[in-house]
Amino acid sequence: QHVTAITHTYEVEARLRELQTHSERAETARRGYLLDSDSDYIRTVAAAGSALPRTVDAIGALTADNPDQQERALQLEDLSRQQIVLLEATVSSIAQGNRESALAAFRDRDQGLALIPAIRRISGDMIDAENALLAERTAAERAGIAQFFAIVGVAGVLLVIILGGTLVGGPL
């Protein structure tokens, strides 16, 4: 059971880091696409944009047993959805020949600048919560092992007493 808990913690952490990576790649590619309509940028925007919902869904599934983590997962889902809307709006504006308006919107009131730190903060909070749960589980595991060895020690002492009594003075 402890191994399962460790594996679970690492799976959640991996998905959260994956979300951060997809989010940052998408934003970087969006900015690159704003400056230069290179097809490499649009492919990266599309790949990262399609990976965001899958990754958020995986995080939600992995944390389904924890209401606090579920609340954070919903926040990540909302932020990812906002990022996808922003990606689609940028691509659409440029595809319609409105690069200057897309650049002006970016300079004036771009939400992308706030989304990345928010995703990092919530992901970090989730990782911290998973590590705290793992520490609790590890402490419980160690306590169980200590209790086991205490029982084995007492049983060993009793066995020595019984056997010693049998050898010295006959049956007890």
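Please refer to the structure higher up on the page.
So, here is what we can say about the structure in this document. (Residues numbered from 1 in each chain as written. Predicted model: local features only at pLDDT ≥ 70, side-chain atom pairs only at ≥ 80, totals over all residues. Heavy atoms only, no water.)

Thoughts on the overall build of the chain
Part 1: Secondary structure summary: the chain contains 5 helices and 0 strands in total.
Part 2: Listed N to C, the secondary structure of the chain is α-α-α-α-α in terms of helices and strands.
Part 3: The globule rule puts the C-alpha radius of gyration for 172 residues at 16 Å, and the 27 Å found for the chain is more than 25% above it.
Part 4: Burial analysis of the chain (172 residues in total) assigns 34% to the buried set.
Part 5: Taking contacts inside the chain between residues at least 6 apart in sequence as the whole, the part at least 24 apart equals 82%.
Part 6: Accessible surface computed for the chain: about 10,300 Å², of which carbon and sulfur atoms make up 60%.
Part 7: In the chain, which carries 16 positive and 23 negative side-chain charges, the distance between the mean positions of the two groups comes to 4 Å. (Helix = DSSP H or I, 4+ residues; strand = E, 2+ residues; numbered from the N terminus. Rg over C-alpha atoms; globule rule 2.2 N^0.38 Å. Buried < 20%, exposed > 50% of the residue type's maximum accessible area, 1.4 Å probe, protein only. Contact = heavy atoms within 4.5 Å. Areas by Shrake-Rupley, 256 points an atom, 1.4 Å probe, with all protein chains shown as cover. Lys, Arg positive; Asp, Glu negative; His and termini not counted. Charge placed at Lys NZ, Arg CZ, Asp CG, Glu CD.)

Some remarks on helix α3 (residues 67–95)
Spacing of three or four residues puts side chains on the same side of an α-helix, whose turn is 3.6 residues.
Part 1: Here α3 spans 42 Å end to end across 29 residues, near enough to the 42 Å set by a 1.5 Å rise per residue.
Part 2: Those residues of α3 lying buried are Gln69, Ala73, Leu76, Leu79, Ser80, Gln83, Ile84, Leu86, Leu87, Thr90 and Ile94.
Part 3: The N-cap residue of α3 is asparagine 66: its side-chain oxygen and the backbone nitrogen of aspartate 68 are 3.0 Å apart.
Part 4: Among the residues trailing α3, glycine 97 stands out with phi positive, at a value near 85 degrees. (Expected span 1.5 Å × (residues − 1). Polar contact = N/O pair within 3.5 Å; in protein donor to acceptor, adjacent residues only side chain to side chain.)

Quick notes on the environment of glutamate 141
Part 1: Inspection of the secondary structure assignment puts glutamate 141 in helix α5 (residues 112–169).
Part 2: With 140 residues separating them along the chain, glutamate 141 and glutamine 1 place their C-alpha atoms 9.2 Å apart.

Describing the packing of aromatic side chains
Part 1: Applying the stated criterion to the full structure yields 1 aromatic pair.
Part 2: Ring geometry for phenylalanine 148 versus phenylalanine 149: centroids 5.3 Å apart, planes at 70 degrees, classification edge-to-face.
Part 3: Since its relative accessible area comes to 55%, phenylalanine 149 is described here as exposed. (Phe/Tyr/Trp six-rings, centres within 6.5 Å; stacked < 30°, edge-to-face > 60°.)

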